[in-house]
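Next come the chains, spelled out residue by residue.
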Amino acid sequence: MSNKGEVRRGLMLVISSPSGAGKTTLARKLMGEFEDVALSVSVTTREARPGETDGQDYHFRSHDQFTRMIAERGFLEWAKVFDHYYGTPRADTEEKLANGKDVLFDVDWQGADALHDQVPNDCVSVFVLPPSIEALEQRLSARPGSTPEIVARRMADAKAEIRHWRRYDYCIINDDLEEAYGQLRRILLVERTKRLRQHNLEDHVRALLGEG
Ligand code: ADP
Ligand code: 5GP
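Remember, it's a predicted structure, so these values are computed and weren't measured experimentally.

Novice: Is there a simple way to explain the site of ligand 2 in this structure?
Specialist: By nearness alone, 18 residues border ligand 2, and Arg46, Tyr58, Glu77, Tyr86 and Asp106 come closest of all. Tyr86 places a side-chain nitrogen or oxygen 2.6 Å from an oxygen atom of ligand 2. At 3.5 Å, a backbone N or O of Gly111 approaches a nitrogen atom of ligand 2. If ligand 2 stood free it would expose 520 Å²; the protein chains cover 96% of that surface. Contributions of two or more residues to the shell around ligand 2 are made by β5 (75-81) and β6 (84-89). Of the residues belonging to the shell around ligand 2, the class tally is six nonpolar, five polar and seven charged.

See the structure below:
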């Protein structure tokens with residue numbers, strides 16, 4: 001908050017990776033540490049995996065419901081990823097940002113591109129890479145609900161996702177989890193320090209100069 005009670009406009013931290021590289025794990029750790037970071041819960045037409053909760057991991061919706069949300073301009077962005085539709089609800093994001101929360105987005109490269117285009121000044125993007133293709137396959141196989149077919153499909157799509165790495169502001173290789181997490185939290189902290197994001201600076205400097 002500034003001297004005038006102005007609420008800081010939060011930043012949009014976009015995390016992408018090939019499925020299985022660990023972005024959900026990293027995002028959860030960030031939310032666990034920082035109370036003022038809120039996750040954007042996407043809407044999807046895919047089935048919930050074992051252990052996933054509606055409203056918490058995703059809003060699981062039918063194809064018809066998803067199409068209606070597109071028509072009502074309910075999404076900030078949406079995309080078809082693998083065989084399903086995924087979208088970022090617009091109203092929810094706006095409310096969190098206006099309340100000074102940083103919002104974390106777990107979206108694919110199409111979502112990252114769309115968010116960057118719409119709000120270039122608020123958006124910071126991070127790409128998470130696996131240490132090796134073998135490690136990626138192991139992580140996908142170990143995930144609850146995975147089948148050999150799902151793993152094969154996601155491995156085939158992983159390289160297509162990885163090819164978009166240059167579009168991101170930051171890249172993290174998720175080999176050792178704690179090290180990768182340390183990099184992610186440093187990105188958040190340094191981006192918060194950017195002059196344009198510190199809305200109380202004008203007043204602070206004026207007071208320092210005796211011009212307040
Ligand atoms: P994504 O969200 O990118 O699809 P997840 O976060 O679901 O990936 O991670 C996939 C699997 O890999 C999970 O079982 C997770 O516990 C595991 N995992 C994540 N990061 C690491 C790491 N650094 N080392 C070993 N396993 C990891
Ligand atoms: P999963 O099915 O493994 O949860 O997610 C599959 C892919 O969809 C991941 O790359 C994830 O980042 C992406 N994704 C999840 N939600 C959204 C969203 O709202 N928009 C876009 N563009 N991608 C999303």
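Novice: For this particular structure, what's the right way to read the sheet that holds β5?
Specialist: Hydrogen bonds along the backbone pair up the strands of a sheet, which may run parallel or antiparallel. With mixed pairing, the four strands of this open sheet are ordered in space as β4-β3-β6-β5. Every other strand in the sheet has two partners, leaving β4 (59-60) and β5 as the edge strands with one partner each. Sheet topology places strand β3 (residues 43-44) next to β4; two bridges connect them, and they run parallel. Residue Val43 lies in a different strand from β4, and its bridge partner there is His59.

Novice: Sorry, what's going on with the sheet that holds strand β9 (residues 170-173) here?
Specialist: The five strands are arranged β2-β7-β1-β8-β9 in an open sheet whose pairing can be described as parallel. The strands lining the two open edges of the sheet, one partner per strand, are β2 (37-39) and β9. If you compare each strand with its neighbour and ignore which way they point, the axes differ by 25° on average. Relative to strand β8 (residues 123-129), strand β1 (residues 12-16) is paired through five bridges, and the arrangement is parallel.

Novice: Explanation requested: the packing of aromatic side chains in the structure shown.
Specialist: Scanning all chains against the criterion turns up seven aromatic pairs. On the numbers, 5.8 Å between centres and 55° between planes, the contact of Tyr58 with Tyr86 is tilted. In this pair, Tyr58 sits in the loop between β3 and β4 while Tyr86 sits in strand β6, placing the two residues 28 residues apart along the sequence. For Tyr58, a relative accessible area of 15% gives the class buried.

Novice: Help me out: how do you make sense of the packing of helix α5 (residues 133-142) against helix α6 (residues 148-162) in this one?
Specialist: Each pair of packed helices can be described by the angle between their axes along with the distance between the axes. It is the contact of α5 with α6, at a shortest axis distance of 10 Å, that shows an interaxial angle of 145°. Along this stretch, α5 crosses α6, giving a crossing that reads as right-handed. Together, Ile133, Leu136, Glu137, Leu140 and Ser141 of α5 and Val151, Arg154, Met155, Ala158 and Lys159 of α6 make up the contact between the two elements. Class assignment of the residues belonging to the contact of α5 with α6 gives a composition of six nonpolar, one polar and three charged.

Novice: I tried to follow the nonpolar core on my own but got confused; where do I start?
Specialist: Soluble globular proteins: nonpolar side chains tend toward being buried together. Core analysis: the biggest nonpolar cluster contains 24 residues, and Leu13, Leu30, Leu104, Leu184 and Leu188 have the highest contact counts within it. Secondary-structure elements contributing two or more residues to this core are β1, α1 (23-33), β8, α5, α6 and α7 (177-192). The element best represented in this core is α7, accounting for five residues. Setting aside residues no more than four positions away along its own chain, Leu13 makes contact with Leu30, Val103, Leu104, Phe105, Val124, Val126, Leu184, Ile187 and Leu188.

Novice: Just checking my understanding: could you explain the side chain of Ser19 for this structure?
Specialist: Along the polypeptide, Ser19 turns up in the loop between β1 and α1. By relative accessible area, which is 11% here, Ser19 ends up buried. Engagement of the side chain of Ser19 in a polar contact is seen with the side chain of Arg143, the distance being 3.1 Å. Among the polar contacts listed, one links the side chain of Ser19 to the side chain of Arg154, at a separation of 3.0 Å. Those residues within four positions of Ser19 in sequence are excluded, and the remaining contacts are Phe82, Leu136, Leu140, Arg143 and Arg154.

About the cut-offs
Residues numbered from 1 in each chain as written. Chains lettered and ligands numbered in written order. Predicted model: local features only at pLDDT ≥ 70, side-chain atom pairs only at ≥ 80, totals over all residues. Heavy atoms only, no water. Near = heavy atom within 4 Å. Polar contact = N/O pair within 3.5 Å; in protein donor to acceptor, adjacent residues only side chain to side chain. Areas by Shrake-Rupley, 256 points an atom, 1.4 Å probe, with all protein chains shown as cover. Helix = DSSP H or I, 4+ residues; strand = E, 2+ residues; numbered from the N terminus. Nonpolar A, V, L, I, M, F, W, Y, C, P; charged D, E, K, R; others polar. Pairing = 2+ DSSP bridges. Axes fitted to C-alpha atoms, helices over the stretch in contact; angles between N-to-C directions. Phe/Tyr/Trp six-rings, centres within 6.5 Å; stacked < 30°, edge-to-face > 60°. Buried < 20%, exposed > 50% of the residue type's maximum accessible area, 1.4 Å probe, protein only. Left-handed = near helix turned anticlockwise from the far one by under 90°. Contact = heavy atoms within 4.5 Å. Core = buried A, V, L, I, M, F, W, Y, C linked by side-chain atoms within 4.5 Å.

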